[in-house]
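Examining the three-dimensional arrangement
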Amino acid sequence: MRIHEVRLCLYAGIIGAMLWPQDAHAYLGSFEEQDGYRVPMNGQILSGYLAGDAQYYLNNNMANGYTGVVPVGAYPNTLGDGTNGPDVSRYNAGQYGTNSYGPGGGAADIADNSGLWKALSGGRLYEDATAPYYYGSQYDRNQIVAYRNTMPHTGSQTLNLMASDQSLSYLYIMDSRDFGGISPASTEGLLVRMSFWVKPSDWDDPDTGNILGVSLLDAANQFVFEVGYTGDNFLQYRLSGGAWQTTAYQMGTLGWSEITVALDTLNNTASLGISAYNDANSLLGSSSSVINSLSLGLSSGAITGLQWDLRGGTLDNGAISYIQSFDDFNFSVASVTPVPEPGGVVLVLLAAALLNAPRRRGGMKTQGLGWEE
């Protein structure tokens, strides 16, 4: 090996040891059947009906011990709309299917709130309060469900949020499937990236306040960072305990926009980007950086959950809280590139000096090493 090749290897080894990231790519899901999100037997989806509570209190039969009802239009059978699945807190949503190293299997009824999804307030809890009868229409739902969308971002299903009568709050608990086999508890001190696609509603456009927020939570149940948007679809973000910050980026309602969040849980910073769909020209805009390495103002632990909050009920200016659609969640986890300490800077400079040192000419041998120049 020649001396200049040794210099090159030394330089590359020093830089590589300091900068090389180790990635593991995964995703929350695209809300397809094989991601673990059920829509009733209809068309291409071949899963059977669910027994018990998750079948929406079949025929409101109180003798079976059911304690509430949902809109007739949401029944996963021939009684109504077959495009809506059960509320995600009522069955094993996200826990079956083969996508993203899933275990296989199928949809199954579970005790409410015992799976990865938990209704915290509003949503189906509000509808349960009207049991055993429901007097609303299919437009008065309060739920988070998988939905067979005629215009999904990909596939055939999306995640739909609706809070017509009252605000809702749901928790999603991440598991190792979301991070490609890496335990969420192991994400502390790493760079966690999350991207997803969203198509907001235009029914709530007259309301210019915050309508929706998706919060990243850590193992200590801290709200580490939150991203959301206004009723008229302007991208927002906020830090834990802070106020919503409204950006200049507005998302269209006729197509899908992509939002990207990057949390550096070692240096406790957040970055946010967006590619916003433009309704006027029917085009997806280029990727834009909204904030870059903004201090979180707290010490973050491992990222272990998402909380979804949708404002419902009576909105400003006569607006209506209707369907907010999401698709194609993707996560990546990488090691954080550390800022070199003074000694590390010296090593970098030394490696650079070795690489660029003038070469001696002639057939001299380096003493003691036996390498020829």
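Placed above this text is the structure.
Predicted, not measured: the structure shown is a model, and the values here were computed from it. (Residues numbered from 1 in each chain as written. Predicted model: local features only at pLDDT ≥ 70, side-chain atom pairs only at ≥ 80, totals over all residues. Heavy atoms only, no water.)

This part covers the overall build of the protein. When helices and strands are counted, the protein shows three helices and 18 strands. Taking all 373 residues of the protein together, 50% fall into the buried category. Look at the contacts in the protein between residues 6 or more apart in sequence, and 68% of them connect residues 24 or more apart. Carbon and sulfur atoms make up 55% of the accessible area of the protein, which totals about 16,900 Å². (Helix = DSSP H or I, 4+ residues; strand = E, 2+ residues; numbered from the N terminus. Buried < 20%, exposed > 50% of the residue type's maximum accessible area, 1.4 Å probe, protein only. Contact = heavy atoms within 4.5 Å. Areas by Shrake-Rupley, 256 points an atom, 1.4 Å probe, with all protein chains shown as cover.)

Turning our attention to the pairing of strand E9 (residues 223-230). Two faces, one strand: in a regular strand the side chains alternate between the faces of the sheet. Counted residue by residue, E9 has seven buried out of eight residues, so it is predominantly covered. With seven bridges joining them, strand E8 (residues 210-218) and E9 adopt antiparallel strand pairing. Its bridge partner lying in E9, Gly-213 is registered against Gly-228. Following E8, the chain reverses through four residues before pairing antiparallel with E9; Asn-221 in that reversal takes a positive phi of roughly 65 degrees. Sheet topology places E9 next to strand E10 (residues 234-239); five bridges connect them, and they run antiparallel. Paired with Tyr-229 across the two strands is Leu-235, which belongs to E10. Between the end of E9 and the start of E10, which pair antiparallel, lie three residues, with Asn-233 showing a positive phi angle near 75 degrees. (Pairing = 2+ DSSP bridges.)

Attention shifts here to the side chain of Thr-187. Within the element layout of this structure, Thr-187 appears in the loop between strand E6 (168-173) and strand E7 (190-199). Under the relative-accessibility criterion, Thr-187 is labelled buried at 0%. A polar atom in the side chain of Thr-187 sits 2.9 Å from the backbone nitrogen of Ile-303. Not counting the four nearest positions on each side in its chain, Thr-187 is found in contact with Phe-179, Val-192, Thr-265, Ala-302, Ile-303 and Val-333. (Polar contact = N/O pair within 3.5 Å; in protein donor to acceptor, adjacent residues only side chain to side chain.)

With that settled, consider the layout of surface pockets. Considering only enclosed or pocket space, the largest pocket measures out at about 310 Å³ in volume. Along the wall of the largest pocket there are 15 residues; nearest its centre are Tyr-147, Asn-149, Lys-199, Ile-323 and Ser-325. Looking at the lining of the largest pocket, its residues break down into seven nonpolar, six polar and two charged. (1 Å grid on protein atoms, 1.4 Å probe; cavity = no way out; pocket = protein on both sides within 12 Å on 5 of 7 lines; lining within 4 Å. Points joined across faces, edges and corners; volume = space filled by probe spheres on them. Nonpolar A, V, L, I, M, F, W, Y, C, P; charged D, E, K, R; others polar.)

A separate point is the pattern of salt bridges. Applying the stated criterion across every chain yields a total of four salt bridges. In this structure, Asp-112 engages Arg-90 in a salt bridge whose closest nitrogen and oxygen atoms are separated by 2.5 Å. Taken together, the positions of Asp-112 in the loop between strand E2 (84-87) and strand E3 (117-121) and Arg-90 in the loop between E2 and E3 put the pair 22 residues apart, joining distant regions of the chain. Arg-90 gets classed as buried once you look at its relative accessible area, which sits at 0%. Among the ionic pairs, Arg-124 bridges to Asp-112, the shortest N-O distance being 3.4 Å. Note that Arg-124 is positioned in helix H2 (residues 124-128) and Asp-112 in the loop between E2 and E3, a separation of twelve residues in sequence. Residue Arg-124 is classed as buried on the basis of its relative accessible area of 5%. In the salt-bridge network here, residues are joined through shared partners; they are Arg-90, Asp-112 and Arg-124. (Salt bridge = Lys/Arg side-chain N within 4 Å of Asp/Glu carboxyl O.)

With respect to the secondary-structure elements, Arg-238 resides in strand E10. Note on Arg-238: relative accessible area 26%, which makes it partly exposed. In the structure, Arg-238 is positioned 58 residues away from Leu-296 in sequence and 9.5 Å away in space, judged by C-alpha atoms. Setting aside its immediate chain neighbours within four residues, Arg-238 contacts Phe-225, Glu-226, Ala-243 and Trp-244. A distance of 2.7 Å separates a polar atom in the side chain of Arg-238 from a polar atom in the side chain of Glu-226.

So, on to the environment of Trp-244. Note that Trp-244 resides in the loop between E10 and strand E11 (245-250). Sequence separation between Trp-244 and Asn-210 is 34 residues, and the spatial gap between their C-alpha atoms is 7.6 Å. With sequence-adjacent residues up to four places away left out, Trp-244 is seen in contact with Asn-210, Leu-212, Gly-213, Glu-226, Val-227, Gly-228, Gln-236, Tyr-237 and Arg-238.

Below, the discussion takes up unusual backbone geometry. Phi is positive for Tyr-101, which is not a glycine, with a value near 60 degrees. Of note, Tyr-101 is situated in the loop between E2 and E3. By relative accessible area, which is 72% here, Tyr-101 ends up exposed. Even without glycine at this site, Asp-328 takes up a positive phi of about 55 degrees. Following the sequence through the fold, Asp-328 ends up in strand E18 (residues 324-335).

If you walk across this open sheet you meet the seven strands as E3-E6-E17-E8-E9-E10-E11, and the pairing is antiparallel. Pairing within the sheet leaves two strands with one partner each, and these edge strands are E3 and E11. If you compare each strand with its neighbour and ignore which way they point, the axes differ by 20 degrees on average. (Axes fitted to C-alpha atoms, helices over the stretch in contact; angles between N-to-C directions.)

This is a description of form; function is not addressed.
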